[in-house]
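# Coordinates in review
In case you want the letters, here they are:
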Protein chains: 2
Amino acid sequence: MKARVFVTLKSGVLDPQGAAIGSALDGMGFDGVTGVRQGKVFEIEMADASRDEAAEQLDAMCKRLLANTVIEDYSVELD
Amino acid sequence: MKARVFVTLKSGVLDPQGAAIGSALDGMGFDGVTGVRQGKVFEIEMADASRDEAAEQLDAMCKRLLANTVIEDYSVELD
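Anyway, here's the lowdown on the structure attached to this text.

Calculation rules
Residues numbered from 1 in each chain as written. Chains lettered and ligands numbered in written order. Predicted model: local features only at pLDDT ≥ 70, side-chain atom pairs only at ≥ 80, totals over all residues. Heavy atoms only, no water. Contact = heavy atoms within 4.5 Å. Buried area = accessible area lost by both parts, 1.4 Å probe. Salt bridge = Lys/Arg side-chain N within 4 Å of Asp/Glu carboxyl O. Polar contact = N/O pair within 3.5 Å; in protein donor to acceptor, adjacent residues only side chain to side chain. Helix = DSSP H or I, 4+ residues; strand = E, 2+ residues; numbered from the N terminus. Least-squares fit on C-alpha atoms with pLDDT ≥ 70 in both. Pairing = 2+ DSSP bridges. Axes fitted to C-alpha atoms, helices over the stretch in contact; angles between N-to-C directions. Expected span 1.5 Å × (residues − 1). Buried < 20%, exposed > 50% of the residue type's maximum accessible area, 1.4 Å probe, protein only. Arc of directions from axis to C-beta.

With 31 residues of chain B in contact, the opposing surface of chain A contributes 31 residues. Both sides together, the interface formed by chain B and chain A hides about 2,900 Å², and carbon and sulfur atoms give 64% of it. Where chain B touches chain A, the interface holds 2 salt bridges. Across the salt bridge formed by Arg 4 of chain B and Glu 77 of chain A, the nearest N and O atoms sit 3.8 Å from each other. There are 10 residue pairs in polar contact (both at pLDDT 80 or more) connecting chain B and chain A. Of all the secondary-structure elements, those providing two or more residues to the side of chain B that touches chain A are strand 1 (2-9), helix 1 (16-27), strand 2 (33-46) and helix 2 (51-66) of chain B. Examining the composition of the side of chain B that touches chain A, we find that 14 residues originate from one element, strand 2 of chain B, more than from any other.

Structural alignment of chain B on chain A gives an RMSD of 0.0 Å, achieved by rotating through 180 degrees and translating 0.0 Å along the axis. Here the transformation between the copies is reduced to the relation of a two-fold axis. The rotation axis passes nearest to the C-alpha of Lys 40 of chain B in chain B, at a distance of 2.3 Å. Both copies share a contact surface, since 100% of the interface residues of chain B are interface residues in chain A too.

What follows is about the sheet that holds strand 1 of chain B. The strands making up a sheet associate through backbone hydrogen bonding, with each pair oriented either parallel or antiparallel. Taking strand neighbours across the sheet as the criterion, the 6 strands line up as 3(A)-1(A)-2(A)-2(B)-1(B)-3(B) in an open arrangement whose pairing is antiparallel. Looking at strand neighbours, the two that pair on one side only are strand 3 (72-78) of chain A together with strand 3 (72-78) of chain B, the edges of this open sheet. Strand-to-strand, the axes of this sheet are offset by a mean angle of 25 degrees, without reference to chain direction. Where strand 1 of chain B lies against strand 3 of chain B, 7 bridges are found, and the strand directions are antiparallel. Bridge assignment links Leu 9 of chain B to a residue of strand 3 of chain B, and that residue is Glu 72 of chain B. Of the strands in this sheet, strand 2 (33-46) of chain A together with strand 2 of chain B are in contact with helix 1 (residues 16-27) of chain A, which crosses strand 2 of chain A at around 125 degrees.

For helix 1 of chain B, built from 12 residues, the straight-helix expectation of 16 Å at 1.5 Å per residue is met to within 8% by its first-to-last C-alpha distance of 16 Å. Those residues of helix 1 of chain B that fall on the buried side of the exposure criterion are Gly 18, Ile 21, Gly 22 and Leu 25 of chain B. Taken end-on, helix 1 of chain B shows its buried residues confined to a sector of 100 degrees, consistent with a single buried face. Turned more than 90 degrees from where helix 1 of chain B packs its buried face, Pro 16 and Gly 27 of chain B sit exposed. Against the buried residues of helix 1 of chain B lie strand 2 and helix 2 (51-66) of chain A together with strand 2 of chain B.

Limitation: the analysis is restricted to geometry and does not speak to function.
Given below as structure tokens:
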């Protein structure tokens, strides 16, 4: 089973990397861009798990390793 | 308009960061994990563009700044 986990900064948290990308895009002539936030995506391949088990395990992985829940949000997409 | 851009390493390209996360998860008891690849996600807010214009602009952004197309694939999701 394949899953995608998205980890992004919470909305109140400053994202200097995203801001730098936004201003770079602006400088390149992409005027329409009003905001950029950068996050991480993990593509995780799992063996032998039911959908529910996988979702539960992925949630635990996010809490324990993949995301810093103080400043980051995470979401999980199961294929 | 909101868009999400995913940038991931092409499948043949070594991903030591993903491998490190995979072995960390394994060490924490998540036995079912058979592979991890890490990528980047950009949440981009765009003003005043039609869907087609936005898609075109986002494609150009990926090619010129967001992705290194020699070693990375990208995909765009428009809300």
